[in-house]
Amino acid sequence: MTEFNALGDNGDWQNDFERRLTASLLAAGLGDAAAQRTIEETRGKLGNWTVVGITDAGTRVGYVAVSVEDDDGVPTGRIGDLRVEADHVGRGYEEAARGWAEEWCAERGAGRVDIRITEPVGGLFDRYGVRGQLRARRIVSPPEPVDGVTARPMTRAEYPEWLAAEKLAYVDDIVRAGAKSPEDAARKSDDDFAKLVPEGLATPGTTLLVLEAAGEPIGTGWLKHGHLPTVTYGYSLHIDERYRGKGYGRAAMAAGEQATLAAGDSVLMFTVWGGNEVAMNLYTSVGYRIVEEYRSVDLPRSAA
């Protein structure tokens, strides 16, 4: 019979968890310093997790870590880790642990369970909807520019229109991914942009670009340098809808990579929201690997 019992000492589990997370980050192209920073940030959240051992007939076969946290006033469950030892994979322990975690979260008032996937888990969470992915690529050489496409700094006159469009696009992404209602998404957009670009074009470590073809603006770019050590985070590389389907998406990526190198970073990282298959396919085609994938399911989960 499979049992779940809280650990008295989380040390062995934590060491194993951090080792696995480090390996996945390095495999995705992050450097040692960026991986270590991510581990430190994650370590600060571990105190909120309840870690239990998965046992069968007295033999420990794995671990599962869970928590219920406040998400804008809504209790939300999180599966922080679910690990079954290699010798016991495929015997139903993974499914039992997932079901236990969902029940544990539901009992504490959660109406949804989120999970951050950083390593292969087979089809265990296929029925959880994809909310987003964190993608990254190490840039080993300057990108080849796309003929006829140039990138220049955004002007003060262009900034207000760009800001309004980006805030609306952010709301649409959040709602499309199923993460929040339109009203909550709008509030999050206002709050996040106030923190991310507090000084507008003069915000330190920020590059705002306008992409042009044949002298006409075709898109914009927004990058934050030093997001992690040697990592630039691309908040947006956007091609206007009327110019899509002409290969300009790759031009935007090349502009972002060039700006990354110019700032002294060597990795470009993006978040792509669930439901945006076009962007996911583009990132895959140009070599951006999944660092983390965020999935969720509403509770109670259907047994169908």
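Here goes a summary of the coordinates provided. (Residues numbered from 1 in each chain as written. Predicted model: local features only at pLDDT ≥ 70, side-chain atom pairs only at ≥ 80, totals over all residues. Heavy atoms only, no water.)

With that settled, consider the overall build of the chain. Scanning the chain from terminus to terminus reveals 7 helices and 12 strands. Taken against the 2.2 N^0.38 rule, which gives 19 Å for 304 residues, the C-alpha radius of gyration of the chain at 21 Å falls within 12% of a compact globule. Taken along its principal axes, the extent of the C-alpha atoms in the chain is 70 × 40 × 35 Å. With 304 residues in all, the chain has 46% of them scored as buried. Sequence separation of at least 24 residues holds for 68% of the intrachain contacts in the chain that already meet a minimum separation of 6. Accessible area for the chain stands at about 15200 Å²; split by element, carbon and sulfur atoms hold 50% of it. Each charge class in the chain can be summarised by its mean position, and for the 34 positive and 47 negative side chains these summaries are 2 Å apart. (Helix = DSSP H or I, 4+ residues; strand = E, 2+ residues; numbered from the N terminus. Rg over C-alpha atoms; globule rule 2.2 N^0.38 Å. Buried < 20%, exposed > 50% of the residue type's maximum accessible area, 1.4 Å probe, protein only. Contact = heavy atoms within 4.5 Å. Areas by Shrake-Rupley, 256 points an atom, 1.4 Å probe, with all protein chains shown as cover. Lys, Arg positive; Asp, Glu negative; His and termini not counted. Charge placed at Lys NZ, Arg CZ, Asp CG, Glu CD.)

What follows covers the sheet that holds strand β4 (residues 74–84). The mixed open sheet is built from 12 strands, whose spatial order is β1-β2-β3-β4-β5-β12-β6-β11-β10-β9-β8-β7. The open sheet has two edge strands, β1 (2–6) and β7 (149–153), and neither has a second partner. Shown here is a sheet whose adjacent strand axes are inclined to one another by a mean of 25 degrees, direction ignored. Two strands pair when backbone bridges link them, and strand β8 (residues 206–213) and strand β9 (residues 216–228) are joined in this way by 8 bridges, in the antiparallel orientation. (Pairing = 2+ DSSP bridges. Axes fitted to C-alpha atoms, helices over the stretch in contact; angles between N-to-C directions.)

Attention now moves to helix α2 (residues 32–43). Its 12 residues give α2 an end-to-end C-alpha distance of 16 Å, which sits within 8% of 16 Å, the value for a rise of 1.5 Å per residue. Within the span of α2, buried status applies to Ala34, Ala35, Thr38, Ile39 and Thr42. Down the axis, α2 shows its buried residues gathered within 140 degrees of arc, on one side only. Buried-residue contacts for α2 involve α1 (11–27), β5 (112–117), β9 and β10 (231–239). (Expected span 1.5 Å × (residues − 1). Arc of directions from axis to C-beta.)

Here we come to the packing of helix α4 (residues 159–176) against helix α5 (residues 182–196). At a closest axis distance of 9 Å, the pairing of α4 and α5 adopts a crossing angle of 135 degrees. By the angle between their axes, α4 is oblique relative to α5. Here α4 runs over α5; the crossing is right-handed. Only Pro182, Ala185, Ala186, Lys188, Ser189, Asp190, Asp192 and Phe193 of α5 make contact with α4, whose side of the interface consists of Leu163, Glu166, Lys167, Tyr170, Val171, Ile174 and Val175. Class assignment for the residues of the contact of α4 with α5 results in 9 nonpolar, 1 polar and 5 charged. (Parallel < 35°, antiparallel > 145°, perpendicular 65-115°, else oblique. Left-handed = near helix turned anticlockwise from the far one by under 90°. Nonpolar A, V, L, I, M, F, W, Y, C, P; charged D, E, K, R; others polar.)

If you walk through the whole model with that rule in mind, you get 16 aromatic pairs. Considering the side-chain rings of Trp13 and Phe17, the 5.3 Å spacing of their centres and the 20 degrees angle between planes classify their relative orientation as stacked. Placement of the pair is Trp13 and Phe17 together in helix α1, with a separation of 4 residues, close to one helical turn. Considered together, Trp13 and Phe17 belong to a single accessibility category, that of buried residues. The structure contains a cluster of three or more aromatic residues connected by ring pairs, namely Tyr159, Trp162, Tyr170, Phe193, Trp222, Tyr233, Tyr235 and Trp273. (Phe/Tyr/Trp six-rings, centres within 6.5 Å; stacked < 30°, edge-to-face > 60°.)

Once that is clear, we can look at the pattern of salt bridges. Evaluated as defined, the whole model comprises 21 salt bridges. For Arg20, the salt bridge is made with Asp81, and the minimal N-O distance between the two is 2.7 Å. One end of the pair, Arg20, is in helix α1; the other, Asp81, is in strand β4, and 61 residues separate them in sequence. Grouping residues by exposure puts Arg20 and Asp81 together as buried. Measuring nitrogen to oxygen at the nearest pair gives 2.9 Å for the salt bridge that ties Glu257 to Arg137. Residue Glu257 is located in helix α6 (residues 248–262), and its partner Arg137 is located in strand β6 (residues 129–138); the two are separated by 120 residues in the primary sequence. Looking at Glu257, the relative accessible area reads 6%, which means it is buried. Taken together, the shared-partner salt bridges connect Asp16, Arg19, Arg20, Asp81, Arg83 and Glu119 into one network. (Salt bridge = Lys/Arg side-chain N within 4 Å of Asp/Glu carboxyl O.)

What follows is about unusual backbone geometry. Here the bond from Leu299 into Pro300 is cis, since omega is -5 degrees, no more than 30 degrees from zero. In this structure, Ala57 is a non-glycine residue whose phi angle is positive, near 55 degrees. Its location among the elements puts Ala57 in the loop between β2 (50–56) and β3 (59–71). If you check the backbone angles, Ala214 has positive phi at about 55 degrees while not being a glycine. On the secondary structure map, Ala214 appears in the loop between β8 and β9. Look at Ala214 and you get exposed, because its relative accessible area is 78%.

Bringing the side chain of Asp114 into the picture now. Relative to the assigned elements, Asp114 resides in strand β5. Of the residues examined, Asp114 reaches a relative accessible area of 14% and is grouped as buried. Only 2.8 Å separates the side chain of Asp114 from the side chain of Arg78, close enough to count as a polar contact. Of note is the side chain of Asp114, whose polar atom sits 2.8 Å from the side chain of Arg112. (Polar contact = N/O pair within 3.5 Å; in protein donor to acceptor, adjacent residues only side chain to side chain.)

The analysis is restricted to geometry; functional conclusions fall outside its scope.
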